[in-house]
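Inside the fold
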Amino acid sequence: MSGDVAQGNKFELGAYSFGVAGRDTEGTVVSQATAVRNVLEQIRLAEEVGLDFFGVGEHHHENVPVSSPTSVLNAAAAMTSTITLSTAVSVLSTDDPIRLYQQAATAAIISGDRVEIIAGRGSSTASFPLFGYDLEDYDRLYTDKLGLLLEVNANERVSWESPFRPPLEDALVVPRPDRPLKIVLGSGGSPNSTIRAGSAGHPISYGALNGTPERWGGMGDLYRKSADDAGVDPARLEISVASHGFIGRDGLAAKKHFHQHEMASFALAGRVIPAQWDDVEPNYSPGGMVFAGEPQEIAERIVDLHRHLGHRRQFLQMDIGGMPHRDVMSSIELLGTAVAPVVRGELSGRTED
């Protein structure tokens, strides 16, 4: 396993959001418009406190109203100067890959090449009926559209045959940023998607909301082995991790606070997690995958996950289930000022195994 960060490849920390609308747990009603503006405030603060990355996800629900990540990225690109911005994820199966490329490319130009795309199938299927797609085509749509997105990213003029759109013949796609976009494959952690990404040499971003560092370490080993078997240059490989997390000065209070909001967030998606703290505590503790607690513990747990997985970036979703905006901002500040320095101190200057 490649367990350490190569010299010159700083380990990156950040956050991601889908926006949070509705009534928060303090009783404040947050409009969808305010929820989107709150995401922009989070991005601005993330850069101010020295974080490396902010991802904007896609959902189509009244309580998580950021349905067009690239629109937010274009606004964020104009008001920031250093932080990397990305979709997280774009639901590629129901998007137009050419339009997605054009919007992200525009943001990249505005930002000075700080924009990426994380392209995935998406954890929700709400976009399929909304945009007129058939769920029976779930896998075929993603495979076809990913191919077109990669082709457009590599070439200004594109020819493409597909069962899902009229053919393209030497079609011009503009604008072109100064360099191609980084396109990362989003995955929930299935072995098949891991093998596909590794074999093709694509960077991968795991949505890791449960499991153990050992389990995710095994997935990283599979990714690298698949790449090695396919003769892929190891320099093309990169693993990111998106996880739930929340940082507070009082570790136990932060964990229990986040648990209440995680329950509410999963309930919106029709999923249930245990209400009793004792039943979920292992996933909120060392060996689990919810990164909630006080800064030193979270730093140590990120470093421990890195030792198993060898990832180069981790970003946390904090604003879930009616979490008050001020609590999200406080957590982002602690991630940048109290967690990031410890993680960077532990991981900087090491060479790959």
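Keep in mind it's a predicted model, so treat the numbers as computed, not measured.

Thresholds, definitions, all that
- Residues numbered from 1 in each chain as written.
- Predicted model: local features only at pLDDT ≥ 70, side-chain atom pairs only at ≥ 80, totals over all residues.
- Heavy atoms only, no water.
- Helix = DSSP H or I, 4+ residues; strand = E, 2+ residues; numbered from the N terminus.
- Rg over C-alpha atoms; globule rule 2.2 N^0.38 Å.
- Buried < 20%, exposed > 50% of the residue type's maximum accessible area, 1.4 Å probe, protein only.
- Axes fitted to C-alpha atoms, helices over the stretch in contact; angles between N-to-C directions.
- Parallel < 35°, antiparallel > 145°, perpendicular 65-115°, else oblique.
- Left-handed = near helix turned anticlockwise from the far one by under 90°.
- Contact = heavy atoms within 4.5 Å.
- Nonpolar A, V, L, I, M, F, W, Y, C, P; charged D, E, K, R; others polar.
- Phe/Tyr/Trp six-rings, centres within 6.5 Å; stacked < 30°, edge-to-face > 60°.
- Lys NZ or Arg CZ within 6 Å of the ring centre and 35° of its normal.
- pLDDT = per-residue confidence, 0-100.
- Core = buried A, V, L, I, M, F, W, Y, C linked by side-chain atoms within 4.5 Å.
- Expected span 1.5 Å × (residues − 1).
- Salt bridge = Lys/Arg side-chain N within 4 Å of Asp/Glu carboxyl O.
- Pairing = 2+ DSSP bridges.
- Right-handed = clockwise from strand over helix to strand, strands pointing away.

From N to C terminus, the chain includes 11 helices and 14 strands. The C-alpha atoms of the chain give a radius of gyration of 19 Å, which matches the 20 Å a tight globule of 353 residues would have. Dimensions of the chain, computed from C-alpha atoms along their principal axes, come out at roughly 60 × 50 × 40 Å. The burial tally for the chain puts 56% of its 353 residues in the buried class.

This part is about the packing of helix α3 (residues 97–111) against helix α5 (residues 138–154). Two elements in contact, α3 and α5, have axes separated by 9 Å at closest approach and are oriented at 40 degrees. Judged on the interaxial angle alone, α5 and α3 are oblique. Crossing of α3 against α5: the hand is right-handed. Within the contact between the two elements, α3 uses Pro97, Ile98, Leu100 and Tyr101 and α5 uses Lys145, Leu148, Leu149, Val152 and Asn153. Of the residues contributing to the contact of α3 with α5, the split by class is seven nonpolar, one polar and one charged.

Taken as a whole and judged by the stated rule, the model has seven aromatic pairs. Relative to Phe18, the ring of Tyr16 lies with its centre 6.1 Å away and its plane at 75 degrees, an arrangement referred to as edge-to-face. Comparing Tyr16 with Phe18 shows no difference in burial state: the two are buried. Between Phe246 and Phe258, the ring centres sit 6.1 Å apart and the planes meet at 15 degrees, which makes this aromatic pair stacked. On the criterion of sequence distance, the pair formed by Phe246 in strand β12 (residues 239–247) and Phe258 in helix α8 (residues 251–268) is long-range, its members being 12 residues apart. Considered together, Phe246 and Phe258 belong to a single accessibility category, that of buried residues. The residue whose ring lies beneath Arg215 is Trp216, and the NZ or CZ to ring-centre distance is 4.2 Å.

Another aspect to go through is the confidence of the model for the chain. Residues with a pLDDT of 70 or more make up 96% of the chain, whose mean pLDDT is 95. Here residues 2–8 scores under 50 on pLDDT; set against residues more than four positions off or in separate chains, the count is 25 contacts.

This part is about the nonpolar core. By size, the foremost hydrophobic cluster in this structure holds 86 residues, and its most contacted members are Ile43, Phe54, Leu85, Val339 and Val343. Here this core gets 10 residues from one element, more than from any other, and that element is helix α11 (residues 325–347). Beyond its immediate chain neighbours, meaning those up to four positions away, Val339 contacts Leu13, Ile247, Pro295, Ile298, Ala299, Ile302 and Leu334. Counting residues in each nonpolar core, the second largest holds nine residues, with Ala88, Ile118, Val184 and Phe315 among its members.

For the rest of this paragraph, the subject is α5. Because each turn of an α-helix spans 3.6 residues, side chains separated by three or four positions in sequence point in the same direction. The first and last C-alpha atoms of α5 sit 25 Å apart over 17 residues, in line with the 24 Å expected at 1.5 Å per residue. By the burial criterion, the buried members of α5 are Leu141, Tyr142, Asp144, Lys145, Leu146, Leu148, Leu149, Val152 and Asn153. Residues of α5 that are buried make contact with α3, β7 (115–120), α4 (127–130), β8 (157–160), β9 (168–172) and β10 (182–187).

For the rest of this paragraph, the subject is the pattern of salt bridges. The full count for this structure, using the stated rule, is 15 salt bridges. We note a salt bridge from Lys182 to Glu116, for which the minimum N-O separation is 3.8 Å. Of this pair, Lys182 sits in strand β10 while Glu116 sits in strand β7, placing them 66 residues apart in sequence. Glu116 sits in the buried class, given a relative accessible area of 7%.

Each regular strand shows side chains that alternate between the opposite faces of the sheet. Where burial is concerned, the two faces of strand β5 (residues 84–87) agree: the one with Thr84 and Ser86 and the one with Leu85 and Thr87 are both buried. Across four bridges, the pairing between strand β4 (residues 53–56) and β5 is parallel. Directly across from Gly55, in β5, lies its bridge partner Ser86. In this region the chain leaves β4, passes through helix α2 (residues 69–79) and returns to the parallel neighbour β5; the handedness of that crossover is right-handed. Summarising the sheet, β5 and β7 pair through two bridges and their orientation is parallel. Its bridge partner being in β7, Ser86 is matched across the sheet by Glu116.

In this section: the environment of Gly288. The residue Gly288 is located in the loop between α9 (277–280) and β13 (291–293) in this model. For the pair Gly288 and Thr212, spaced 76 residues apart in sequence, the C-alpha to C-alpha distance is 5.2 Å.

The geometry of helix α1 (residues 32–48) relative to α11 is characterised by a closest axis approach of 9 Å and an angle of 20 degrees between their N-to-C directions. The angle between α1 and α11 places the two elements in the roughly parallel class. Pair α1 / α11 crosses with right-handed handedness. Two secondary-structure elements touch here, α1 through Asn38, Glu41, Gln42, Leu45 and Ala46 and α11 through His325, Val328, Met329, Ile332 and Glu333.

Moving on, we get to the environment of Val328. Tracing the chain through its elements places Val328 in helix α11. In this structure Val328 comes out as buried when scored by relative accessible area, which is 1%. For the pair formed by Val328 and Phe246, sequence separation is 82 residues and the distance between their alpha carbons is 7.8 Å. What Val328 contacts, discounting residues up to four positions off in sequence, is Gln42, Met318, Asp319 and Met323.

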